[in-house]
Amino acid sequence: MQQVAHYVYDLAGLFHSAYNQCRILGVNEDLQQARLAMVMAVGHVVRHALSILGVSAPEKM
């Protein structure tokens, strides 16, 4: 379980850095769709990792 916790913590930190550095809206359509897909994928992984750890995740923040 500790490995899952470390993984999701590291993933959240990497995502936070990427989110702060890269615009999602206001860029060309292909880049916007790729970045939105990244957001959705990270959210999916974080939700499932938290579920494995027995932690509930809020729908919105």
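Residue indices follow the written sequence of each chain, beginning from 1 at its first position. Only residues with pLDDT of 70 or above have their local features reported here, since the model is predicted, and side-chain atom pairs are shown and tallied only from 80 upward, although totals for entire chains, interfaces and linings are computed over all residues. Side-chain measures here rest on the full set of heavy atoms in the structure, leaving out hydrogens and waters.

*Asks:* Give me the overall build of the protein chain: which residues, what numbers.
*Replies:* Across its full length, the protein chain carries two helices and zero strands. Based on the C-alpha atoms only, the size of the protein chain along its principal axes is roughly 40 × 20 × 20 Å. Only protein chains enter the calculation, and the probe is 1.4 Å; a residue is then buried if its accessible area is under 20% of its type maximum, exposed if over 50%, and partly exposed in between. Across the 61 residues that make up the protein chain, the buried fraction comes to 13%. Methods summary: accessible areas were calculated by the Shrake-Rupley approach with a probe of 1.4 Å, and residue burial reflects only the protein chains presented. Element-wise, carbon and sulfur atoms account for 61% of the exposed surface of the protein chain, whose accessible area totals about 5,100 Å². Across the protein chain, the 4 positively charged side chains and the 4 negatively charged ones have centroids separated by 6 Å. Helix and strand definitions here come from DSSP, where helices need a minimum of 4 consecutive H or I residues and strands a minimum of 2 consecutive E residues; each element is numbered from the N-terminal end. When charges are counted, Lys and Arg contribute as positive and Asp and Glu as negative, whereas His and the chain ends are disregarded. The location of each charge is read from NZ of Lys, CZ of Arg, CG of Asp or CD of Glu.

*Asks:* A description of the environment of Ser 56 should follow, citing residues and the corresponding values.
*Replies:* Note that Ser 56 resides in the segment after α2 (29-53). Looking at Ser 56, the relative accessible area reads 67%, which means it is exposed. Sequence-wise, Ser 56 and Met 40 are 16 residues apart; in three dimensions their C-alpha atoms are separated by 17 Å.

*Asks:* So what's going on with α2? Residues and values would help.
*Replies:* Counted at 1.5 Å a residue, the expected span for α2 with its 25 residues is 36 Å, and the 36 Å between its end C-alpha atoms agrees. For α2, every residue scored as buried is listed here: Gln 32, Arg 35, Val 42, Ala 49 and Leu 50. Contacts: residue pairs with any heavy atoms within 4.5 Å of one another. If you follow the buried residues of α2, they end up packed against α1 (2-21). Whenever two N or O atoms come within 3.5 Å, that pair is a polar contact, provided that in protein one can donate a hydrogen and the other can accept it, and provided that, for residues adjacent in sequence, both atoms are side-chain atoms. Capping of α2 at its N-terminal end is provided by Asn 28; its side-chain oxygen lies 3.1 Å from the backbone amide nitrogen of Asp 30. Of the residues one or two after α2, Gly 54 is the one with positive phi, at around 80°. Here, expected helix span is obtained from the residue count minus one, scaled by 1.5 Å.

*Asks:* Account for the packing of aromatic side chains, naming residues and giving values.
*Replies:* Geometry of aromatic contacts follows a simple scheme: Phe, Tyr and Trp rings, the Trp one being its six-membered ring, pair when their centres are within 6.5 Å, and the pair is stacked under 30 degrees between planes, edge-to-face over 60, tilted otherwise. Using the criterion set out here, one finds one aromatic pair in the structure. Here the aromatic rings of Phe 15 and Tyr 19 are separated by 5.8 Å at their centres, their planes lie at 35°, and the arrangement is tilted. With Phe 15 and Tyr 19 both in helix α1 and four residues apart, this pair spans about one turn of that helix.

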